[in-house]
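Observations on chain architecture
Each chain is listed here by its residues.
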Amino acid sequence: MSKRHRERRPFLRQRWWKLYVLLVAASAVVQSMIWTEVSPDNFDKSRPPMQSPRFTAEGAEPDGHAWVQDKTYGGWRDDERPVLILLHGSPGSKENFDLLGPMLAERFRVVAIDLPGFGESSKWVPSYSTRAHARYVLEFMDRSEIDSAHVLGFSMGSGVALNMHDLAPGCLDSIIFYGGIGIQEGEGSGDYHFEHFKYIVGYGALVALPELVPHFGLPALLPGPVGEFMGTRAGRHAFIRNFHDTDQRPMRGYLEDVEAAGTPLLILHGRHDPLVPAWTAEQHHAIVKQSELVMFDRSHFMVFDDAGSRLLADEIVPFVEKHSGDNPDAPSRRTLYFPGAEEPPASVLPVDLNIPRGTNPWLAVGTIIGASYLLEDPTTITVGLLVRAGQLDPFLAVFAIFTGIFTGDLALYLIGRVFGRRALVWGPVSKRLPVHHVEALGQWFDTKGWSAVLASRFIPGTRLPLYVAAGALGKKPGRFALWTCLAVMIWAPVMLVLVVVLGEAAASPFRMLFGDSWLALIAAIIALLMVVRVLMHLPTKRGRQKLWVKVSRVWRWEFWPMWIFYVPLVPWLLWLSARHRSLTVWTLANPALPDGGVVGESKAQIMDALSSPSDTHILSAELVEDADAARRVVAERGWTWPLILKPDAAQRGAGVRRIEREGGVDEYFADSPGAAVLQEYHAGPFEAGVFYLRTPGEPHGRIFSITDKHFPELLGDGRHTFEELVWAHPRLRMQAAVFLRRFEGEAARVPAKGEKIRLAEAGNHCQGTEFRDGAHLITPGLEAAVDSVIQRVGDFYFGRLDVRYADAEAFKRGEDFAVIELNGVTSESTNLYDPSWSLIRAYRTLFAQWAHCFAIGDANRRQRDLTPPRVIPLLGRVRAYYKQRKIDALSD
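From a predicted model like this one, the values you see are computed outputs, not experimental measurements. (Residues numbered from 1 in each chain as written. Predicted model: local features only at pLDDT ≥ 70, side-chain atom pairs only at ≥ 80, totals over all residues. Heavy atoms only, no water.)

Re the overall build of the chain
We apply this condition: For helices the rule is a DSSP run of H or I covering at least 4 residues; for strands it is a run of E covering at least 2, with both sets numbered from the N terminus onward. Exposure classes here rest on a 1.4 Å probe applied to the protein chains alone. A residue is buried below 20% of its type maximum, exposed above 50%, and partly exposed in between. Contacts were defined at the residue level, with two residues in contact if any of their heavy atoms lie within 4.5 Å.
Within the chain one finds 31 helices and 21 strands. The buried share of the chain, taken over its 892 residues, is 49%. Sequence-distant contacts, at least 24 apart, represent 77% of the contacts inside the chain between residues at least 6 apart.

Points about the nonpolar core
Put simply, the rule reads: Definition of nonpolar core: a set of buried residues of the types Ala, Val, Leu, Ile, Met, Phe, Trp, Tyr and Cys, connected through side-chain atoms within 4.5 Å.
Of all hydrophobic cores here, the largest spans 49 residues; its most connected members are Ile85, Leu87, Leu115, Met141, Val160, Met164 and Leu255. Here the element with the most residues in this core is helix H3 (residues 130-143); it accounts for seven residues. Not counting the four nearest positions on each side in its chain, methionine 141 is found in contact with Ile85, Ile146, Asp147, Ser148, Ala149, Met164 and Cys171. Membership of the second largest hydrophobic core comes to 36 residues, among which are Ala364, Val383, Ala400 and Ala506.

Let's talk about the packing of aromatic side chains
To be explicit about the condition: In this scheme Phe, Tyr and Trp rings, the latter by its six-membered ring, pair at centre separations within 6.5 Å, and the angle between planes marks the pair as stacked below 30 degrees, edge-to-face above 60, and tilted otherwise. Here, over-ring charges are defined by two tests on the NZ atom of lysine or the CZ atom of arginine: distance to the ring centre within 6 Å, and angle to the ring normal within 35 degrees.
As enumerated under the stated definition, the model contains 33 aromatic pairs in all. Where phenylalanine 197 meets tryptophan 362, the ring centres are 5.4 Å apart and the plane angle is 55°; that geometry is what we call tilted. Here the residue phenylalanine 197 occupies a position in helix H5 (residues 192-208), and tryptophan 362 occupies one in helix H11 (residues 361-374), the gap between them amounting to 165 residues. Residue classification places tryptophan 362 among the partly exposed residues on the basis of a relative accessible area of 42%. On the basis of an interplanar angle of 5° and a centroid distance of 4.1 Å, the ring pair of tyrosine 805 and phenylalanine 811 is categorised as stacked. For the pair shown, tyrosine 805 and phenylalanine 811 are each scored as buried. Here a set of aromatic residues connected by ring pairs shows up, and it is made of Trp557, Phe565, Tyr566, Trp572, Trp575, Tyr833, Tyr843 and Phe847. Taking the ring centre of tyrosine 192 as reference, the NZ or CZ of arginine 249 above it sits at 3.6 Å. Here the basic side chain of arginine 758 rests over the ring of phenylalanine 711, its NZ or CZ set 4.0 Å away from the ring centre.

What about the packing of helix H4 (residues 156-167) against helix H8 (residues 251-261)?
Stated formally: Working convention: axes come from line fits to C-alpha atoms, limited for helices to the stretch in contact. Angles between N-to-C directions cover 0 to 180 degrees. Convention used here: angles under 35 degrees read as roughly parallel, angles over 145 as roughly antiparallel, angles from 65 to 115 as roughly perpendicular, and any remaining angle as oblique. If you view the pair so one helix is near and one far, a crossing is left-handed when the near helix is turned anticlockwise from the far one by less than a right angle, and right-handed when it is turned clockwise. Only Asp, Glu, Lys and Arg are considered charged, only Ala, Val, Leu, Ile, Met, Phe, Trp, Tyr, Cys and Pro nonpolar, and every remaining residue, Gly among them, polar.
For the pair H4 and H8, the least separation of the axes is 10 Å and the interaxial angle reads 60°. Taken together, the axes of H4 and H8 lie oblique to each other. As for the relative orientation of H4 and H8, their crossing is left-handed in sense. Taken together, the residues of H8 that come into contact with H4 (itself represented by Gly159, Leu162, Asn163, His165 and Asp166) are Met251, Tyr254, Leu255, Asp257, Val258 and Ala261. In the contact of H4 with H8, the residues fall into six nonpolar, three polar and two charged.

Quick word on the confidence of the model for the chain
What counts here: Each residue gets a pLDDT score, which is the predictor's confidence in that residue and runs from 0 to 100.
On average, the chain scores 83 in pLDDT, and the residues at 70 or more come to 85%. Taken element by element, the chain is modelled with least confidence in strand S1 (residues 50-51), mean pLDDT 46, and with most confidence in strand S8 (residues 265-270), mean pLDDT 97. Predicted confidence is poor over residues 434-440, with pLDDT under 50, and the contacts of this stretch with residues over four places away or in other chains come to twelve contacts.

Here we look at helix H30 (residues 839-864)
In plain terms, the rule: What a helix is expected to span follows from its residue count: subtract one and scale by 1.5 Å.
Between its first and last C-alpha atoms H30 spans 38 Å; for 26 residues at 1.5 Å apiece the expected length is 38 Å, and the two agree. Looking at the residues trailing H30, positive phi occurs at aspartate 865, about 55°.

Examining the sheet that holds strand S14 (residues 676-680)
Quick reminder of the rule: Should DSSP find at least two bridges between two strands, the strands are regarded as paired.
Strand order in this open sheet of four strands is S11-S14-S12-S13, and the pairing throughout is antiparallel. Edge positions in the sheet fall to strand S11 (621-624) and strand S13 (657-659), since each of these pairs with one other strand and no more. The average angle at which neighbouring strand axes cross in this sheet is 30°, direction not considered. Pairing of strand S12 (residues 643-647) with S14, which is carried by five bridges, proceeds in the antiparallel orientation. Each bridged residue has a counterpart across the sheet, and for lysine 646 the counterpart in S14 is valine 677.

A few points about the pairing of strand S16 (residues 702-710)
Note that strand S15 (residues 686-693) and S16 share seven bridges and pair antiparallel. Bridge pairing links leucine 693 to arginine 702 in S16. Direction of pairing for S16 relative to strand S19 (residues 770-773): antiparallel, over a ladder of four bridges. Within S19, the position partnered with aspartate 708 by the bridge is arginine 772.

What about the sheet that holds strand S3 (residues 70-73)?
The strands making up a sheet are joined through hydrogen bonds of the backbone, oriented either antiparallel or parallel. Sheet architecture is open: eight strands sit in the order S3-S5-S4-S6-S7-S8-S9-S10, paired in mixed fashion. The open sheet has two edge strands, S3 and strand S10 (334-337), and neither has a second partner. On average, each strand axis in the sheet is tilted by 15° relative to the strand beside it, whichever way the strands run. Against the sheet, helix H10 (residues 306-322) touches strand S4 (83-87), strand S6 (149-154), strand S7 (172-178), S8, strand S9 (292-296) and S10, its axis set at about 175° to S8.

Overview of the packing of H5 against helix H13 (residues 394-419)
Interaxial distance between H5 and H13 falls to 11 Å at its minimum, and their mutual angle equals 70°. Classed by the angle they form, the pair H5 and H13 counts as roughly perpendicular. Once H5 is placed against H13, the crossing between them reads as left-handed. Together, Phe194, Phe197, Lys198 and Val201 of H5 and Phe395, Leu396 and Phe399 of H13 make up the contact between the two elements. Tallied by class, the residues present in the contact of H5 with H13 amount to six nonpolar, no polar and one charged.

Here's the deal with helix H28 (residues 780-790)
Turning to H28, its buried residues number three or more, namely Leu782, Ala785, Val786, Asp787, Val789 and Ile790. Against the buried residues of H28 lie helix H23 (603-610), S15, S16, strand S20 (798-805), helix H29 (808-812) and strand S21 (818-823).

Re unusual backbone geometry
Between serine 90 and the following residue, proline 91, the backbone shows a cis peptide bond with an omega angle of -5°. Residue proline 685 is bonded to the preceding glycine 684 through a cis peptide linkage, with omega at 15°. Mapped onto the elements, proline 685 comes out in the loop between S14 and S15. The backbone phi angle of glutamate 145 is positive, close to 60°, even though this residue is not glycine. Position of glutamate 145 relative to the elements: it lies in the loop between H3 and S6. Phi is positive for serine 155, close to 60°, though the residue is something other than glycine. Relative to the helices and strands, serine 155 is located in the loop between S6 and H4.

Notes on the environment of glycine 188
Inspection of the secondary structure assignment puts glycine 188 in the loop between S7 and H5. Taking the C-alpha atoms as reference points, glycine 188 and lysine 198, separated by ten residues in sequence, lie 9.6 Å from one another. Glycine 188 has contacts with Glu195, Lys198 and Asp393, leaving out every residue within four places of it along the chain.

Regarding the side chain of asparagine 823
As a reminder of what qualifies: Two N or O atoms form a polar contact when they lie within 3.5 Å of each other; inside protein one atom must be a possible hydrogen donor and the other a possible acceptor, and for residues adjacent in sequence the pair counts only when both atoms belong to side chains.
Relative to the assigned elements, asparagine 823 resides in strand S21. In terms of polar contacts, asparagine 823 uses its side chain to reach the side chain of aspartate 802, at 3.3 Å. Looking at asparagine 823, its side chain comes within polar contact range of the side chain of glutamate 821, at 3.5 Å. Filtering out sequence-adjacent residues up to four positions away, asparagine 823 remains in contact with Lys603, Phe796, Phe798, Gly799, Arg800 and Asp802.

Brief notes about the pattern of salt bridges
Here is the rule: By convention in these notes, a salt bridge is any Lys or Arg side-chain nitrogen within 4 Å of a carboxyl oxygen on Asp or Glu.
One pass over the structure, following the stated rule, counts 43 salt bridges. Arginine 772 is the salt-bridge partner of glutamate 770, the closest N and O atoms lying 3.2 Å from each other. As a salt-bridge pair, arginine 862 and aspartate 858 come within 3.4 Å of each other at their nearest N and O atoms. Remark: aspartate 858 and arginine 862 occur in helix H30; sequence separation between them is four residues, near one turn of the helix.

Looking at the side chain of aspartate 858
Taking relative accessible area as the criterion, aspartate 858 reaches 10% and is therefore assigned buried. Side-chain polar atoms of aspartate 858 contact the side chain of histidine 580, separated by 3.3 Å. With sequence-adjacent residues up to four places away left out, aspartate 858 is seen in contact with His580 and Val585.

Structural data, given as structure tokens:
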């Protein structure tokens, strides 16, 4: 960045901040101009606002006034028919009854009311509770000269009806609940204090936060309740305050009073109601003995479709008629379950995992948070299944998952903050994140790292290394916390919604396969985890490319993880152990090496044993402890750059680096402290892995196989970046992480058209080299030359010689090759990774290799009276070796 741009950046930030404040203020002004408050001009002047409702014996509600708008269905003021008052839910309005109202108006005088805060009634009142609403409705009845009426409460409106009965029981001829609230246990988590904490959070999220967005009231133009209520400041305020101001704890007592008074109660509910659980309606029915319960095989929103409204009317009309007139029928108990609603729907959970009602919600939150620290995605999926099964309140689930993930992400950041750059060599971090040029990386985190923080939340496997690195390298924790919070605010609801939507489809097959068992639940969680991760990859081209790599690994077995590839070998090894009466006899195949070369054999010592003053087949090598020793060796031997540096006891090509100049030695030892082998460089351009066998007692060995190694190259086109070219290549993309880590500084560079970039230096499959079968290279001349070189080691009978050569014909004659290194019993006949081979052919070669190893080890045991190492000490040495490698990696 130029000095001029750096100087302008604070000014630009200040200008954009002022512009943002100006837009927010303008948005507030525009909203105030468009969405005017209800005023007396909107109402009949003969009907003044209701002030200080007179039903205030306990004085619990503050004084206030409101204009209440109503809607009648048909002429009703001079009619003698029974009056039916319809009360909407929250959010809602009198228009919610536009289908049901006309059906009921055929028999009754029907009036729907906009409760204060909703529809066309006053938006700003002192209290939005169901108690205050009850007073306003009773005052409306008084002013409208309605002595008594039947009251239908939809959802929240049922709470208003209960409060009306408590305030003035003689004014209600009957009560009808439709999807109605009531007892405290049926409100979300069932805990009053947790629910009101939820509404405080909701007020901040749905009322205060939108005011910080310059939306100019445009969301209010959306159709339906979303636009009518959530799109305006007053609508959002009334919606949240309605729940916050309401106390459902006394409503159980109100229901008991309904029973004591003998007031008729009709309870209409949907078995599949997602807002008010069906068991709540059954509890209300149990409390009020003279109530009637009708359970439909429907949801909460029947009133919004014609068929649902007709079902409701068919139950409401006869109920109101029999409890109207001069001689109403006495209340009677009735229970009706429509077909499909007789039994609760089967849980989506494949096991009986019922959370007892009344469980402390904070205990549930703490449990979820703790579980998310250990297994974030499985915990999220399990919680989503519990929400889908109606076992957990959705807000509780989102809040707990958000808190667990957010605090867990901050903990990762804190690890990097506390341990600094030492955290960058931690295995889970160093394997996934390049650590060179850390200063530039730290500056990037502080400026543009927010984009990576957001993206990593939706890209599996990137979050841990990225967040630890952000803590170690970044200098603005506040910015990190802000962007992480926003990312989790998006992620947590999206994940839970996906699980809720897909949960039943994922769980049903496993329930059928495994029954109601924990195995079915675990299988469902794994299936959902796979589905969610697939969906996370689909939106971007790079994500789809990575997804294709993961999928294609199923049949491209050469890229399988080693532990998966070797699983079928285990029974074969056990059979060979039984046949040769020892689990470790195979380690005797090379008595010249410690444990036959399982781990830890010194490459420098082996090269010393192979070398001969008159033999040009061996590349000179020497063990060096640090950069100064390396420079001293180069000067003494007169070597020229480039040279090879590699760990003295590494496996599978790890840590091999070509050093182009003297300064590269310092960089190597800074990244890889510990003893290393400094070796002459052979330009090749060809490399082969020659697998050698010799039966003890025989004078000469033979070549078991040859691997023809092909080093990958990237061809530039002058248009695409290095990273884009790697991902576009059908083979290179399979090991893209290896190449992008190795060429981290090149990722954004656009190679020139025709430019060739060699991607691998070590002839190892894990490092990106392609292996092909080189059987065509085996000749008697080459076999004799290889045997002559290897027999210098002495008691070496089984292993692989890695060589480089310049001319294929000379190599086949045994005249042109240079030995890079010799590996012992754990080396592979790597031609089996030839992509043209079938998996069966590969395993046939692998099985044969190990059969030879056991046979050679057994022959050495018998001929030389050797004792195989015991299993436990051998495992201890292997463990100690890898533990020491980690210690070396962590030392500075």
